[in-house]
Amino acid sequence: MDKRQFFKTGFMGIGALLVSSKLKALEFYPTSPVKKWAVVYSTWCGSSRDAGVWISEGMDGIADVFDVRENPDLSKYENLVIGGSIRSGKVSNQMQEFLAQNNSALKGRVRGLFAVCGNMMQPVGPEQTKTLIDNHLAKLCDTDNVLSKVFLGRITYGLMDKDSRQMMEGFDMPEYDNLKRADCMAFGKEILSNA
Ligand SMILES: Cc1cc2nc3c(=O)[nH]c(=O)nc-3n(C[C@H](O)[C@H](O)[C@H](O)COP(=O)(O)O)c2cc1C
(Lines give C-alpha, C1' and ligand atoms only; values in the text may rest on other atoms or scores of the structure.)
Protein backbone atom coordinates (compact mmCIF):
# COMPACT_ATOMS: atom_id res chain seq x y z
CA MET A 1 0.00 0.00 0.00
CA ASP A 2 1.49 3.42 -0.95
CA LYS A 3 1.46 6.45 1.37
CA ARG A 4 -1.56 8.09 -0.34
CA GLN A 5 -3.63 4.93 -0.20
CA PHE A 6 -2.62 4.45 3.44
CA PHE A 7 -3.95 7.89 4.47
CA LYS A 8 -7.10 7.49 2.34
CA THR A 9 -7.92 4.15 3.98
CA GLY A 10 -7.16 5.64 7.41
CA PHE A 11 -9.52 8.60 6.94
CA MET A 12 -12.25 6.33 5.60
CA GLY A 13 -11.88 4.17 8.70
CA ILE A 14 -12.17 7.18 11.04
CA GLY A 15 -15.25 8.37 9.10
CA ALA A 16 -16.87 4.98 9.45
CA LEU A 17 -16.17 5.03 13.19
CA LEU A 18 -17.74 8.50 13.57
CA VAL A 19 -20.87 7.36 11.75
CA SER A 20 -21.13 4.05 13.56
CA SER A 21 -20.72 5.68 16.99
CA LYS A 22 -24.14 7.30 16.39
CA LEU A 23 -25.78 3.97 15.65
CA LYS A 24 -27.63 2.07 18.32
CA ALA A 25 -27.01 -1.63 18.51
CA LEU A 26 -30.66 -2.57 19.04
CA GLU A 27 -32.18 -0.01 16.65
CA PHE A 28 -35.05 -1.45 14.63
CA TYR A 29 -36.61 0.21 11.60
CA PRO A 30 -40.34 -0.64 11.37
CA THR A 31 -42.59 0.08 8.39
CA SER A 32 -44.04 3.12 10.15
CA PRO A 33 -41.15 5.49 10.90
CA VAL A 34 -42.92 7.41 13.69
CA LYS A 35 -41.96 6.06 17.08
CA LYS A 36 -43.90 7.58 19.92
CA TRP A 37 -43.43 4.55 22.10
CA ALA A 38 -40.47 3.49 24.19
CA VAL A 39 -39.79 0.37 26.22
CA VAL A 40 -37.24 0.94 28.99
CA TYR A 41 -35.87 -2.13 30.73
CA SER A 42 -33.25 -3.03 33.30
CA THR A 43 -31.35 -6.28 33.23
CA TRP A 44 -28.31 -8.06 34.59
CA CYS A 45 -28.05 -11.02 32.24
CA GLY A 46 -30.34 -10.14 29.33
CA SER A 47 -33.76 -11.70 30.04
CA SER A 48 -35.46 -8.32 30.33
CA ARG A 49 -33.69 -7.06 27.22
CA ASP A 50 -35.28 -9.92 25.27
CA ALA A 51 -38.64 -9.33 26.96
CA GLY A 52 -38.43 -5.63 25.98
CA VAL A 53 -37.58 -6.39 22.36
CA TRP A 54 -40.33 -9.00 22.12
CA ILE A 55 -42.88 -6.67 23.70
CA SER A 56 -41.99 -4.10 21.03
CA GLU A 57 -42.21 -6.83 18.39
CA GLY A 58 -45.76 -7.55 19.59
CA MET A 59 -46.43 -3.87 18.97
CA ASP A 60 -45.28 -4.29 15.35
CA GLY A 61 -41.90 -2.80 16.26
CA ILE A 62 -43.13 0.72 16.86
CA ALA A 63 -41.29 1.18 20.16
CA ASP A 64 -37.71 2.21 20.72
CA VAL A 65 -36.20 -0.20 23.23
CA PHE A 66 -33.69 1.13 25.75
CA ASP A 67 -31.52 -0.32 28.45
CA VAL A 68 -32.06 2.03 31.38
CA ARG A 69 -28.27 2.53 31.53
CA GLU A 70 -28.54 4.47 28.26
CA ASN A 71 -30.45 7.09 30.26
CA PRO A 72 -33.00 7.70 27.46
CA ASP A 73 -34.67 11.09 27.05
CA LEU A 74 -38.32 10.24 27.72
CA SER A 75 -39.70 13.60 26.63
CA LYS A 76 -39.65 12.38 22.99
CA TYR A 77 -42.21 9.67 23.74
CA GLU A 78 -45.94 9.78 24.41
CA ASN A 79 -46.24 6.19 25.59
CA LEU A 80 -43.92 4.20 27.82
CA VAL A 81 -43.54 0.58 28.86
CA ILE A 82 -41.28 0.10 31.88
CA GLY A 83 -39.92 -3.16 33.17
CA GLY A 84 -37.03 -4.97 34.70
CA SER A 85 -35.55 -8.11 36.08
CA ILE A 86 -35.76 -8.92 39.74
CA ARG A 87 -32.98 -9.61 42.18
CA SER A 88 -33.74 -9.87 45.89
CA GLY A 89 -37.30 -8.82 45.16
CA LYS A 90 -36.41 -5.58 43.37
CA VAL A 91 -35.46 -4.09 40.01
CA SER A 92 -31.89 -2.79 39.65
CA ASN A 93 -30.65 0.30 41.48
CA GLN A 94 -30.11 1.98 38.10
CA MET A 95 -33.79 1.51 37.27
CA GLN A 96 -34.89 2.74 40.68
CA GLU A 97 -32.73 5.86 40.32
CA PHE A 98 -33.83 6.48 36.73
CA LEU A 99 -37.50 6.31 37.67
CA ALA A 100 -36.99 8.70 40.58
CA GLN A 101 -35.10 11.16 38.36
CA ASN A 102 -37.69 10.97 35.55
CA ASN A 103 -40.76 11.15 37.72
CA SER A 104 -42.34 14.07 35.84
CA ALA A 105 -41.63 12.60 32.37
CA LEU A 106 -43.45 9.41 33.42
CA LYS A 107 -46.63 11.19 34.46
CA GLY A 108 -49.60 10.04 32.35
CA ARG A 109 -47.39 8.20 29.86
CA VAL A 110 -46.89 4.75 31.36
CA ARG A 111 -49.04 2.23 29.45
CA GLY A 112 -47.48 -1.01 30.67
CA LEU A 113 -45.28 -2.46 33.40
CA PHE A 114 -43.45 -5.76 33.47
CA ALA A 115 -41.14 -7.73 35.71
CA VAL A 116 -38.99 -10.74 34.87
CA CYS A 117 -38.24 -13.10 37.74
CA GLY A 118 -37.17 -16.64 38.50
CA ASN A 119 -39.86 -17.41 41.12
CA MET A 120 -37.94 -20.62 41.89
CA MET A 121 -39.10 -21.89 38.49
CA GLN A 122 -42.71 -22.00 39.73
CA PRO A 123 -45.59 -20.50 37.74
CA VAL A 124 -46.37 -16.87 38.54
CA GLY A 125 -49.78 -15.64 39.69
CA PRO A 126 -51.55 -12.74 41.42
CA GLU A 127 -49.16 -12.90 44.39
CA GLN A 128 -46.15 -12.04 42.21
CA THR A 129 -48.11 -9.27 40.46
CA LYS A 130 -48.96 -7.77 43.83
CA THR A 131 -45.39 -7.99 45.17
CA LEU A 132 -43.36 -7.07 42.11
CA ILE A 133 -45.71 -4.78 40.22
CA ASP A 134 -48.35 -3.24 42.54
CA ASN A 135 -46.15 -2.86 45.61
CA HIS A 136 -42.88 -2.17 43.81
CA LEU A 137 -42.62 -1.12 40.15
CA ALA A 138 -45.95 0.74 40.03
CA LYS A 139 -44.91 2.69 43.12
CA LEU A 140 -41.53 3.54 41.61
CA CYS A 141 -43.37 4.83 38.52
CA ASP A 142 -45.95 6.59 40.68
CA THR A 143 -48.70 5.00 38.63
CA ASP A 144 -51.54 2.54 38.99
CA ASN A 145 -54.23 0.95 36.84
CA VAL A 146 -51.92 0.18 33.91
CA LEU A 147 -51.56 -3.17 32.22
CA SER A 148 -48.88 -5.31 33.78
CA LYS A 149 -47.27 -8.71 33.44
CA VAL A 150 -44.79 -10.81 35.40
CA PHE A 151 -42.73 -13.10 33.18
CA LEU A 152 -40.63 -16.04 34.21
CA GLY A 153 -37.02 -15.49 33.21
CA ARG A 154 -33.86 -17.55 32.99
CA ILE A 155 -30.52 -18.27 34.53
CA THR A 156 -27.37 -18.28 32.40
CA TYR A 157 -24.31 -18.85 34.58
CA GLY A 158 -21.83 -17.69 31.95
CA LEU A 159 -23.36 -14.18 32.01
CA MET A 160 -23.40 -13.80 35.77
CA ASP A 161 -20.95 -11.92 37.99
CA LYS A 162 -18.80 -14.15 40.21
CA ASP A 163 -20.60 -13.53 43.53
CA SER A 164 -24.09 -14.04 42.10
CA ARG A 165 -22.98 -17.18 40.33
CA GLN A 166 -21.49 -18.60 43.51
CA MET A 167 -24.66 -17.77 45.42
CA MET A 168 -26.98 -19.37 42.85
CA GLU A 169 -24.77 -22.42 42.46
CA GLY A 170 -24.80 -22.68 46.27
CA PHE A 171 -28.58 -23.08 46.05
CA ASP A 172 -28.05 -25.88 43.52
CA MET A 173 -30.00 -23.79 41.01
CA PRO A 174 -29.81 -25.35 37.53
CA GLU A 175 -29.64 -23.20 34.40
CA TYR A 176 -33.18 -22.69 33.09
CA ASP A 177 -35.02 -20.69 30.45
CA ASN A 178 -38.70 -19.99 31.03
CA LEU A 179 -39.05 -16.70 29.16
CA LYS A 180 -41.44 -17.06 26.22
CA ARG A 181 -41.34 -14.78 23.20
CA ALA A 182 -45.04 -15.48 22.50
CA ASP A 183 -46.04 -14.28 26.00
CA CYS A 184 -44.02 -11.08 25.64
CA MET A 185 -45.45 -10.41 22.18
CA ALA A 186 -49.00 -11.02 23.43
CA PHE A 187 -48.40 -8.46 26.17
CA GLY A 188 -47.14 -5.93 23.60
CA LYS A 189 -50.25 -6.49 21.48
CA GLU A 190 -52.49 -6.10 24.51
CA ILE A 191 -50.85 -2.81 25.49
CA LEU A 192 -51.17 -1.46 21.98
CA SER A 193 -54.81 -2.44 21.56
CA ASN A 194 -55.58 -0.87 24.94
CA ALA A 195 -53.92 2.46 24.10
C1 LIG B 1 -28.53 -12.97 42.38
C2 LIG B 1 -29.92 -13.27 41.90
C3 LIG B 1 -31.00 -12.91 42.68
C4 LIG B 1 -32.31 -13.20 42.24
N5 LIG B 1 -33.36 -12.84 43.02
C6 LIG B 1 -34.61 -13.18 42.65
C7 LIG B 1 -35.74 -12.88 43.47
O8 LIG B 1 -35.62 -12.25 44.53
N9 LIG B 1 -36.96 -13.28 43.07
C10 LIG B 1 -37.16 -13.97 41.90
O11 LIG B 1 -38.27 -14.36 41.61
N12 LIG B 1 -36.10 -14.23 41.06
C13 LIG B 1 -34.84 -13.85 41.41
N14 LIG B 1 -33.79 -14.14 40.60
C15 LIG B 1 -34.04 -14.72 39.27
C16 LIG B 1 -34.00 -13.64 38.18
O17 LIG B 1 -35.02 -12.68 38.38
C18 LIG B 1 -34.16 -14.28 36.80
O19 LIG B 1 -33.10 -15.17 36.59
C20 LIG B 1 -34.22 -13.26 35.69
O21 LIG B 1 -34.53 -13.92 34.47
C22 LIG B 1 -32.90 -12.53 35.53
O23 LIG B 1 -33.07 -11.52 34.58
P24 LIG B 1 -31.88 -10.93 33.71
O25 LIG B 1 -31.38 -12.06 32.82
O26 LIG B 1 -32.53 -9.84 32.90
O27 LIG B 1 -30.84 -10.41 34.63
C28 LIG B 1 -32.51 -13.85 41.00
C29 LIG B 1 -31.40 -14.17 40.21
C30 LIG B 1 -30.12 -13.90 40.64
C31 LIG B 1 -28.96 -14.26 39.77
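In the block above lies the structure referred to throughout.
Anyway, here's the lowdown on the structure attached to this text. (Residues numbered from 1 in each chain as written. Predicted model: local features only at pLDDT ≥ 70, side-chain atom pairs only at ≥ 80, totals over all residues. Heavy atoms only, no water.)

## What about the overall build of the chain?
Argument step 1. Assigned secondary structure in the chain consists of seven helices and seven strands.
Argument step 2. Sequence separation of 24 or more characterises 79% of the internal contacts of the chain that already satisfy a separation of 6 or more. (Helix = DSSP H or I, 4+ residues; strand = E, 2+ residues; numbered from the N terminus. Contact = heavy atoms within 4.5 Å.)

## Some details on the side chain of Thr143
Argument step 1. Residue placement: Thr143 occurs in the loop between helix 5 (126-140) and strand 5 (147-152).
Argument step 2. Among all residues touching Thr143, those that are not within four sequence positions of it are Val110, Leu113 and Ala138.

## Focus: the site of the ligand
Argument step 1. Surrounding the ligand, one finds 23 residues, the nearest of these being Thr43, Ser47, Ser85, Ile86 and Arg154.
Argument step 2. Across the complex, the protein chains shield 86% of the 640 Å² of accessible surface that the ligand would expose by itself.
Argument step 3. Examining the composition of the shell around the ligand, we find that three residues originate from one element, helix 6 (residues 162-170), more than from any other.
Argument step 4. Counted by class, the shell around the ligand contains ten nonpolar, eleven polar and two charged residues. (Near = heavy atom within 4 Å. Areas by Shrake-Rupley, 256 points an atom, 1.4 Å probe, with all protein chains shown as cover. Nonpolar A, V, L, I, M, F, W, Y, C, P; charged D, E, K, R; others polar.)

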